[in-house]
Amino acid sequence: MPIAVPERGYDLVVVANRLPVDVTVGEDGEPTWTRSPGGLVTALNPVMAQADGAWVGWSGAPDHDVEPFEVDGTELIPVTLSAEDIEKFYEGFSNDTLWPLYHDVISPPTFHRTWWEAYQRVNRRFAEAAAGQAAHGATVWVHDYQLQLVPKMLRELRPDLRIGYFHHIPWPPLELFIQLPWRKQVVEGLLGADLIGFQRGGDAANFVRVVRRLTGLTTRGQVITLAKHGKVERHVRAAAFPISIDSGAFDELARTPEVQARAKQIRTELGDPEVLLLGVDRLDYTKGIRHRIKAYGELLHDGRLSATSTTLVQVASPSRENVDAYAQLRDEVEQLVGRINGDYGQVGHAPVQYLHQSFPMEEMAALYLAADVMLVTALRDGMNLVAKEYVAARSDDRGALVLSEFTGAADELTGAILVNPHDIDGMKDAITYAVHIDPRESRKRMRRLRRRVLGHDVNAWSQEFLAVLTAVPNREGRGGHV
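It should be emphasised that the depicted structure is a prediction, and the values quoted were computed from it without experimental measurement.

Thresholds, definitions, all that
Residues numbered from 1 in each chain as written. Predicted model: local features only at pLDDT ≥ 70, side-chain atom pairs only at ≥ 80, totals over all residues. Heavy atoms only, no water. Buried < 20%, exposed > 50% of the residue type's maximum accessible area, 1.4 Å probe, protein only. Helix = DSSP H or I, 4+ residues; strand = E, 2+ residues; numbered from the N terminus. Arc of directions from axis to C-beta. Domains from an automatic or database assignment. Contact = heavy atoms within 4.5 Å. Buried area = accessible area lost by both parts, 1.4 Å probe. Salt bridge = Lys/Arg side-chain N within 4 Å of Asp/Glu carboxyl O. Polar contact = N/O pair within 3.5 Å; in protein donor to acceptor, adjacent residues only side chain to side chain. Nonpolar A, V, L, I, M, F, W, Y, C, P; charged D, E, K, R; others polar. Expected span 1.5 Å × (residues − 1). Axes fitted to C-alpha atoms, helices over the stretch in contact; angles between N-to-C directions. Parallel < 35°, antiparallel > 145°, perpendicular 65-115°, else oblique. Left-handed = near helix turned anticlockwise from the far one by under 90°. Pairing = 2+ DSSP bridges. Core = buried A, V, L, I, M, F, W, Y, C linked by side-chain atoms within 4.5 Å. Phe/Tyr/Trp six-rings, centres within 6.5 Å; stacked < 30°, edge-to-face > 60°.

1. Focus: helix α6 (residues 183-190)
Phase 1: Within the span of α6, buried status applies to V186, V187, G189 and L190. Down the axis, α6 shows its buried residues gathered within 160° of arc, on one side only.

Okay, here's the thing in C-alpha cells:
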C-alpha cells in the first residue's frame, strides 16, 4: 500500500547495500565514521554534493541501530541488518546464489528458500527506508544485485517517484538466469524502475530477452512496455551506461613527486627486475587469478620469461572470507604461488610477490606506474575499474594492458591486448607480446586508452544516467531535474 510523503523529503535518494562511510559506534553511543574507498562512493560524491540528497544503506556491522546523520551535506540513512540478515541475505543469497549465477556459474550457485525469504525481507526494509526519505516526485537511484526487488516495492509504496536502477555486475544469458527458482520475482522487481542501467549492451540485451521469455511483455529495442487490461501504464528502458573512475584525480595523483618516487622505490625493493608484471584484484574466483598465475608459471618453465629477471606482483585484497568458495580459492592461489616460488625462486628473489592485503590509492598508483605490464584476466567482470586506474596512472604513455575480453572494460579500451583467459596458451602469447612490445606501439596504444578513460570519467557516467532518468515524465506527466 502507498505510504504518506514525508513533510521534509529529499529530491535525490541513493539506495545501495552500503553507506558511503564505515560507521563505528563509540562507548557513548555516538557514531563515528570514515569515508569508504569504493568506486560507487567516488562516482556519486559530486552528484550528492550538488543535490539535496540522502543515501540509504547498511553501516557495515551487524545490529548497528544508528539514527540518520549528515556527512558533507548528504543525509545518511542507516538500515539495520542483524547477524542473521548478513548470513542469509548478504553472504547467502547475494553472494552465494546471485553472484555465481550472474558470473557464468563459474562456481555453482546455491539455492536456499530461507535465503530468498531473507532477501525479500531485507529488500523491503531498504524500500521502506527510501520511501520515507524521498520528496514528492523525487528521483531514487537503486544500486546493484543485492537490491533487485527494491524498485517494484518502492513503486508500490510511492507511485509518485521516478526510479532508476543500475546493475554493476554482469547480467547472465537467459539459459543461465532461468536456473534461479525466483527468476520471475526478480525480473518483476527490476521492472519497477523507469530506467535499468547495465555495464554493457550485451547485458541489457540479455535482460530484455529474459523479460520477453518470463513475462510476455512487449519489447521494442531497449524499451519494455508495461500494460494492464490492454492499456499502457508506462515504459521501462534497459540500456548500457558503462561506469568509470575519477580519472582526472587519479591522473593527478600519479603525477605527484611522492608517487613517482615510490614507483621507483618499489622496483628497487624488488631487485630492479627487467620486467615487472602486475595483477590487482579482489580475491574472487571470477577474477581469473589462478589462470593468470598458471600461465606465468608455464612461461617461466618454457624459458619464454626469465625467472631471475621477471617478477609478478599479485595484489589480492581480502574478500568475503566467510564464504567457503573464497576460503578455498585463497588456499589454491597460495599453493600455486608457493609452488612457482619453490621451483624458480632464488635467494633474494621470488618470481611471484603475493600480497593478500589492501593498499591505499597512493600505493596503488605507485604500483601501476612501476609495472611494465598490467594483467587483468577476469573470467567474467561487469566492468573492472582496475584496468581504467592503470591507464589513468600512465601519464608517461608507457606500459601495456593485457585485458580479458570478458570484462566490460574490453568494450571501451580498444588499445588493450585482449585475451581469452580460459585459453592458457593464448594468454601466454599475449603476455609475451606485451613484455616485448615495441615502445612506439606501446605509446600509441596507451594514448588511445587514455583518451577514452580521461574523456569519459565517473562524473560523466552518473550525469548521463541521471539525465536519461530525469527525462522520464513523473507520475503527474511533467519532466524533472536533479
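Here the narrative resumes.
2. A short note on the domain arrangement of the chain
Phase 1: Once the domains are mapped, the chain shows domain 1 (10-243 + 461-471) and domain 2 (247-456).
Phase 2: If you average the C-alpha positions of domain 1 and of domain 2, the two centres end up 31 Å apart.
Phase 3: The interface of domain 1 with domain 2 comprises 20 residues on the first partner and 25 residues on the second.
Phase 4: A combined buried area of about 1800 Å² lies between domain 1 and domain 2, and 56% of that area is made up of carbon and sulfur atoms.
Phase 5: Three residues stand out in domain 1 for area buried against domain 2, namely W99, I106 and R200, and they jointly supply 35% of the buried area on that side.
Phase 6: Run the count over domain 1 and domain 2 and you get two salt bridges.
Phase 7: Among the salt bridges present, the one from R380 reaches D104, with a minimum N-O distance of 3.1 Å.
Phase 8: Between the two partners, domain 1 and domain 2, sit seven residue pairs in polar contact (both at pLDDT 80 or more).
Phase 9: Elements with a minimum of two residues in the side of domain 1 that touches domain 2: α2 (83-102) and α17 (458-470).
Phase 10: A per-element tally of the side of domain 1 that touches domain 2 places α2 first, with six residues.
Phase 11: Residue composition of the side of domain 1 that touches domain 2, by class: 10 nonpolar, five polar and five charged.

3. Some details on α2
Phase 1: The end-to-end C-alpha distance of α2 is 25 Å, clearly below the 28 Å that 20 residues give at a rise of 1.5 Å each.
Phase 2: Among the 20 residues of α2, 14 are classified as buried, and the element is accordingly described as predominantly covered.

4. Details of the pattern of salt bridges
Phase 1: For the structure shown, the criterion picks out 32 salt bridges.
Phase 2: With a closest N to O distance of 2.8 Å, R209 and E175 form a salt bridge. Residue R209 is found in helix α7 (residues 201-215), and its partner E175 is found in helix α5 (residues 174-177); the two are separated by 34 residues along the sequence.
Phase 3: Among the charged side chains, a salt-bridge network with shared partners connects D251, R255, D397, R447 and R450.

5. What about the side chain of E75?
Phase 1: The topology assignment puts E75 in strand β6 (residues 74-79).
Phase 2: Residues contacting E75, with those up to four places away along its chain left out, are Y10, G53, A54, W55, P68, F69 and E70.

6. Description of the packing of helix α3 (residues 113-131) against helix α4 (residues 150-157)
Working note: a packed helix pair is described by the angle between its axes plus the distance between those axes.
Phase 1: Contact pair α3 / α4: the axes reach a minimum separation of 9 Å and the direction vectors enclose 45°. Judged by the angle between their axes, α3 and α4 are oblique. Judged by the sense of rotation from one axis to the other, the crossing of α3 with α4 is right-handed. Note on element contacts: α4 touches α3 through V150, M153, L154, E156 and L157, opposite Q120, N123, R124, F126, A127, E128, A130 and A131.

7. Some words on the sheet that holds strand β17 (residues 400-404)
Phase 1: As summarised here, the arrangement of the six strands in space is β15-β14-β13-β16-β17-β18, forming an open sheet in which the pairing is parallel. The open sheet has two edge strands with one neighbour each: β15 (352-355) and β18 (417-419). Going from strand to strand, the sheet's axes swing by 20° on average, the running direction of each strand aside.
Phase 2: Two elements, strand β16 (residues 373-376) and β17, share four bridges in a ladder whose sense is parallel. For V373, the partnering residue across the bridge sits in β17 and is A400.
Phase 3: The sheet strands contacting helix α12 (residues 361-370) are β13 (275-282), β14 (310-317) and β16, and the helix crosses β13 at an angle near 140°.

8. Things to note about the side chain of D397
Phase 1: In this fold, D397 is placed in the loop between α13 (385-393) and β17.
Phase 2: The contacts of D397, once residues within four sequence positions are left out, are S442, R443, M446, R447 and R450.

9. Some thoughts on the nonpolar core
Phase 1: F126, F207 and L277 are the most contacted members of the largest nonpolar core, which has 100 residues in total.
Phase 2: Of all the elements, α3 adds the most residues to this core, at 10 residues.
Phase 3: For F207, the contacting residues outside a window of four places in its chain are W171, L190, L191, I196, F198, I224 and A238.
Phase 4: Ranked by size, the runner-up nonpolar core spans 67 residues in total, among them L40, M446, V453 and L469.

10. As for the packing of aromatic side chains
Phase 1: Counted according to the given criterion, the structure contains 22 aromatic pairs.
Phase 2: Considering the side-chain rings of W171 and F207, the 5.1 Å spacing of their centres and the 85° angle between planes classify their relative orientation as edge-to-face. Here the residue W171 occupies a position in the loop between β8 (162-166) and α5, and F207 occupies one in helix α7, the gap between them amounting to 36 residues.
Phase 3: A ring pair is formed by Y368 and Y390, whose centres lie 6.1 Å apart and whose planes are at 80°; its orientation type is edge-to-face. Of the two residues, Y368 sits in helix α12 while Y390 sits in helix α13, which places them 22 residues apart along the sequence.
Phase 4: According to the relative accessible area criterion, Y390 is buried, its value standing at 0%.
Phase 5: A connected cluster of aromatic rings, assembled from ring pairs, spans F89, F93, W116, Y119 and W182.

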